[in-house]
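# Analysis of the macromolecular model
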Amino acid sequence: MDFNMQADTPETSAFRKEVRQWLQENMRGSEKLRWSASWSTRENEEEYRFRRNLAGKLGKKGWLFPMFPVEYGGAGLTIHHQTVLETELAEYGLSLNHVFYTIARIVAPVILKWGTEEQKREFLPPMVRGEISVWQVLTEPQGGSDVANCQTRAIRDGDRYVVSGQKVMVGHHKPPDFLWTLVCTDPSRPRHENLGWLHIPANLPGITIQPMYMMMGLKNTVFFDGVRVPAKYLVGDENNGWRVANTHLELEHGGEGRVGADPLVERVVEYCQKTKIAGMPLMEDDQVRDTIADMMIDLNTLRRFNQRNYWHRHTRNPHPYGGAQQRYFQRVMRLRNGERLQRIMGCDALVQDLSVHEVVDFEYAVRTGPGQLHGGGTLDTDRLVFARRVGLGRPTKEKAPETI
Amino acid sequence: MDLRLTETQEMFKKVAADFVRAEVPAHLMTQWYRTKETFRPEVYRKAASLGWLGMLLPEEYGGAETSFTDCATVFEELGRGPVPGPFFAAGVLAAQIVFAGGSDEQKKSLLPAICKGGSIPIPAITDKAAGWGAEAVETSLTRSGSGFILDGSKRFVFDAEAATGFIVAARTEIGEIALVLVDRASAGLSIKPLVGFTVSAAEVTFEKVRLSGSSVITASSGWQVLSAALEKSLPILCAYQVGACQEIFDFTAEYTRTRVVFGQPIGRFQRVQDHCVDLSVHLDAARYATYEALWRLDSGLPAAAAVHEAKAIASEGYYQACNYAHMVFAGPGTDYGHPLMAHSVLAHTLYQYLGTPWHHKRSMMDLLYPISWIPLAGCLALSL
């Protein structure tokens, strides 16, 4: 058993040196930037530009998707190289996901698994090199967590699909290049056998995007009004969309794993060391210390779940229920931590005013509690997936879909 | 990074799993827990012959010099039983105390005997029920001629029943903490099993017990020796609790498939599923916190805080795993003939043993963020 993410073989040690030096050069100018969370309304243009630019540079070297084959824009490296990149980026408070927060992190592996050779050669390189932005466009107004109940129609008409329908609560405030979309390709067929996935160029006529102002930031409604999408953009076969969805959803639902830790506890400790009541730092109050201990233990547990899932995913041995478990735990944990932050910090936990405390993002952490209970399917779908994978009340266990 | 067990560990695991199945079948195990006859000398002897006592010790003392994780894989399977007996108390903790603090002579005479199962010294540390820090060591050790007199009472001594002797923490005349070896047959020593919702625990009283000078392991650095030994031992106890949680999870999941009410298996009810999800979170939180602490010990990294964390999570996890399983099993799970009942009473006992989760969380915080300035000192100065 080896949890170490910094232990290098001779091969990765040379790679670490290379990455470290490369980052020293390419992170110049980022010193004063304050990373904001994805989809945050507090994001500023300067830091977004920096991250997109960095993604492009990493992508050129194949480092954005280090384990992807070279012919599709990756670097053909191992899990150990990827871990080096993740841990070195973490030194700057970033991760591969965060540098390039378009949903391509999930879409590209799905295309790698389900796309034809032609599609992989056409669709993957720009995504893998970090040149384009892709939105995941799944949720529908009437469907919610019931993703398979998809009403957006894509009816074949010659060499095109004619797409009509509406998706909600998707994307962010930067325009997409592609919309990665689940559609109903044949309404007459039974549930789960009537779906398809389209990788739709966002500039086609008939697509309208409207902003939605939401708890976690800016999201959008996307309307498709008779959009004519060339058939080559169908990934996986016609009516095979649910199997493609399973790969996608497993990655989105925690199975992706992660290395690196949330620095929330360090920030809270820093705040509690600086803030005094009647001359005594909060950090010396027993109740504050007990609360921080609980927070730390929860965050460490989450870090270990993430690392376990990362290991299982990248060794191609998907954990049977690890994804669903991680996401369920993460959600209830965030709610608990939101309450703990309020208990410790009072209204400072609710306020974005940086002049009150120099540590950013407590407010975001509190808001994330209720705000992220549902993204990508509710807390209850997590538990439903878990039950099927463990085979509760069933003679058979559903297998975790293979991810890449 | 590599989160697999090694081949050796897989082998240890298999041998231990076979042992548990053969030697501790559920119908006997549940009976032992019900009648509180949890020390089974025959089971203990067989385990000794497999080399599971003092596994961590160097070969010269009769141990197998395994890694911490190797040893933990065996204890994880024992926890599935849950196999009762002083495997941990004597075979791990007492062995580590003697190894860390004993004289050469004591090591040579005691450690091989611990490994063979002939000597079963049981640690008896704090006096009061609700304290696991140094301040809770009150039993006194006073000089008398060439020897000592030990006087006091230890409220909660796990596995006392099995003891051939005790390793007792005692306060010396100048307030330091000593560790002494006390033979079970000593005059003035009495053992009173604790009766109630706990198992394998007893109150051990030392009424003016006379000791020779050679029975002292350490006269002044008892707490340091104990802390060092606990750091290396606790993750093994955590592994035992993880194995127990895994067993509970497995038989609970199986029950949701076979128990039919309202015309369907209960696992079809989402509320029942919810209990299983929460159970699994506690199981895996304990599993990976334990593995991480073991890995830190095996790699020579600072481990003290991680060990406190693991003990807090594993004790809490075992306790909660039982509670969630009780929600699923309802009435039948509270029958002493059911394995869950043995787990439940043991989980409550181990929640206390060597410190509650709260104690270990506070110890973890004190290590990571020591309080530099003691407010009490200021108050005292003022009142003087």
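All values derive from a computational prediction rather than experimental measurement.

### Concerning the overall build of chain A
Summing up its helical and strand segments, chain A has 12 helices and 10 strands in all. Compactness check: chain A gives a C-alpha radius of gyration of 22 Å against a globular reference of 22 Å for 404 residues, within 12% of the reference. Projected onto its principal axes, the C-alpha positions of chain A cover 75 × 50 × 45 Å. Within chain A, the proportion of its 404 residues that are buried is 60%. Just so you have it, chain A exposes about 16,900 Å², and 49% of that area is on carbon and sulfur atoms.

### Structural notes on the environment of Lys 174 of chain A
All names here are of chain A. With respect to the helices and strands, Lys 174 occurs in the loop between strand E3 (160-170) and strand E4 (178-184). A relative accessible area of 12% places Lys 174 in the buried class. Between the C-alpha atoms of Lys 174 and Tyr 48, which are 126 residues apart in sequence, the distance is 9.5 Å. Setting aside chain neighbours within four positions, we find Lys 174 in contact with Glu 45, Tyr 48 and Trp 135. Here Glu 45 takes part through its side chain, which lies 2.5 Å from a polar atom of the side chain of Lys 174.

### A few points about the interface of chain B and chain A
Taken together, the contact between chain B and chain A spans 44 residues of the former and 45 residues of the latter. In total, about 4,300 Å² of surface goes out of reach between chain B and chain A, with carbon and sulfur atoms giving 62% of it. Here chain B and chain A share eight salt bridges between them. Across the chain B-chain A interface, the total number found is 21 residue pairs in polar contact (both at pLDDT 80 or more). Put simply, the parts of the chain that give the side of chain B that touches chain A at least two residues each are helix H7 (222-258), helix H8 (270-298), helix H9 (304-329) and helix H11 (357-368) of chain B. Each residue belonging to the side of chain B that touches chain A can be placed in one class, and the counts come to 25 nonpolar, seven polar and 12 charged.

### Examining a nonpolar patch on the surface
Taken together, Met 11, Val 15 and Leu 50 of chain B make up a surface patch of nonpolar side chains, about 260 Å² in accessible area. As for its placement among the helices and strands, Met 11 of chain B is situated in helix H1 (residues 7-23).

### A short note on the environment of Ala 95 of chain B
Residues and elements named next belong to chain B. Mapped onto the elements of the fold, Ala 95 is located in helix H5 (residues 89-101). Ala 95 gets classed as buried once you look at its relative accessible area, which sits at 1%. Taking the C-alpha atoms as reference, Ala 95 lies 14 Å from Leu 237; in sequence the two are 142 residues apart.

### Re the domain arrangement of chain B
Residues and elements named next belong to chain B. We note that the domain assignment places domain 1 (7-119), domain 2 (122-221) and domain 3 (224-368) within chain B. Centre-to-centre, using C-alpha coordinates, domain 1 lies 20 Å away from domain 3. Each partner contributes to the interface: domain 1 provides 29 residues, whereas domain 3 provides 34 residues. Of the roughly 2,500 Å² buried at the junction of domain 1 and domain 3 (both faces included), carbon and sulfur atoms supply 71%.

### Quick look at the packing of aromatic side chains
Aromatic ring pairs are defined here through the distance separating the ring centres and the angle between the ring planes. Applying the stated rule across the entire model yields 25 aromatic pairs over all chains. Aromatic side chains Phe 88 of chain B and Tyr 353 of chain B sit 6.2 Å apart centroid to centroid with 90° between the ring planes, which places their arrangement in the edge-to-face category. With Phe 88 of chain B in the loop between helix H4 (68-80) and H5 and Tyr 353 of chain B in the loop between helix H10 (339-352) and H11, this pair connects stretches of sequence that are 265 residues apart. Look at Phe 158 of chain B and Tyr 353 of chain B: their rings are 4.6 Å apart centre to centre, the planes differ by 45°, and that puts the pair in the tilted class. On the criterion of sequence distance, the pair formed by Phe 158 of chain B in strand E3 (residues 147-158) and Tyr 353 of chain B in the loop between H10 and H11 is long-range, its members being 195 residues apart. In terms of burial, Phe 158 of chain B and Tyr 353 of chain B fall into one category: buried. Through a chain of ring-to-ring contacts, the aromatic side chains of Phe 15, Trp 22 and Trp 63 of chain A assemble into a single cluster. In this structure, Lys 61 of chain A packs its charged tip against the face of Trp 63 of chain A, placed 4.8 Å from the ring centre.

### Notes on the pairing of strand E4 (residues 165-172) of chain B
All names here are of chain B. Most of E4 is tucked away, with seven of its eight residues classed as buried. As judged from the four bridges shared by strand E1 (residues 121-124) and E4, these two strands associate in the parallel manner. Bridged to Ala 124 within E4 is Val 168. Inspection of the sheet shows strand E2 (residues 140-144) paired to E4 by two bridges, in the parallel sense. Directly across from Leu 141, in E4, lies its bridge partner Thr 172. Pairing of E4 with strand E5 (residues 177-183), which is carried by seven bridges, proceeds in the antiparallel orientation. Its bridge partner being in E5, Phe 166 is matched across the sheet by Val 182. Hairpin connection from E4 to E5: four residues lie between these consecutive antiparallel strands, with Gly 175 at a positive phi of about 85°.

Parameters at a glance
Residues numbered from 1 in each chain as written. Chains lettered and ligands numbered in written order. Predicted model: local features only at pLDDT ≥ 70, side-chain atom pairs only at ≥ 80, totals over all residues. Heavy atoms only, no water. Helix = DSSP H or I, 4+ residues; strand = E, 2+ residues; numbered from the N terminus. Rg over C-alpha atoms; globule rule 2.2 N^0.38 Å. Buried < 20%, exposed > 50% of the residue type's maximum accessible area, 1.4 Å probe, protein only. Areas by Shrake-Rupley, 256 points an atom, 1.4 Å probe, with all protein chains shown as cover. Contact = heavy atoms within 4.5 Å. Polar contact = N/O pair within 3.5 Å; in protein donor to acceptor, adjacent residues only side chain to side chain. Buried area = accessible area lost by both parts, 1.4 Å probe. Salt bridge = Lys/Arg side-chain N within 4 Å of Asp/Glu carboxyl O. Nonpolar A, V, L, I, M, F, W, Y, C, P; charged D, E, K, R; others polar. Patch = residues over 30% accessible without salt bridge, like charges linked within 9 Å, V, L, I, M, F, W, Y side chains within 5 Å. Domains from an automatic or database assignment. Phe/Tyr/Trp six-rings, centres within 6.5 Å; stacked < 30°, edge-to-face > 60°. Lys NZ or Arg CZ within 6 Å of the ring centre and 35° of its normal. Pairing = 2+ DSSP bridges.

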